[in-house]
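Analysis of the macromolecular model
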Amino acid sequence: MVAQSNPWTVYIVECRDGTLYTGIAKDLDQRLATHNAGRGAKYTAGRGPVKLVYQETADNRGQAQARESSIKKLNAQQKRTLINSGNM
């Protein structure tokens, strides 16, 4: 995907319990800080701290949401394969 100024980021974090959470953000550093403060998402609130394990950029919010949706449909093993592809 082509990066622009202020691109959207599709990301996967690994929670303290080893589970994975996929999301999108305009400012990834701020979003990760929010997750780690227990306010990022209902799912991650009790599972922090989280660790960024995968990220990719999208040109706009629509593309980011579409990619997020496709990643969320993957099973855990498929997500781990994606993470291991080295896109960090």
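The notes below deal with the structure included here. (Residues numbered from 1 in each chain as written. Predicted model: local features only at pLDDT ≥ 70, side-chain atom pairs only at ≥ 80, totals over all residues. Heavy atoms only, no water.)

Where a protein is soluble and globular, its nonpolar side chains tend to be buried together. Core analysis: the biggest nonpolar cluster contains twelve residues, these being Trp8, Val10, Ile12, Leu20, Ile24, Val53, Tyr54, Ala58, Ala64, Ile71, Leu82 and Ile83. Of all the secondary-structure elements, those providing two or more residues to this core are strand E1 (8-14), strand E2 (20-25), strand E3 (51-58), helix H3 (61-72) and helix H4 (76-83). The next biggest cluster of nonpolar side chains, apart from the first, holds nine residues, and it includes Cys15, Ala25, Leu32 and Ala41. (Core = buried A, V, L, I, M, F, W, Y, C linked by side-chain atoms within 4.5 Å. Buried < 20%, exposed > 50% of the residue type's maximum accessible area, 1.4 Å probe, protein only. Helix = DSSP H or I, 4+ residues; strand = E, 2+ residues; numbered from the N terminus.)

The next subject is the sheet that holds E1. On the basis of which strands lie adjacent, the open sheet formed by three strands has the order E2-E1-E3 and antiparallel pairing. This sheet does not close on itself; its edge strands, each paired only once, are E2 and E3. Across this sheet, the average inter-strand angle for adjacent strands is 20°, counted without regard to direction. Alignment of E1 against E3, held across seven bridges, turns out to be antiparallel. Across the sheet, Trp8 pairs through a bridge with Ala58, a residue of E3. (Pairing = 2+ DSSP bridges. Axes fitted to C-alpha atoms, helices over the stretch in contact; angles between N-to-C directions.)

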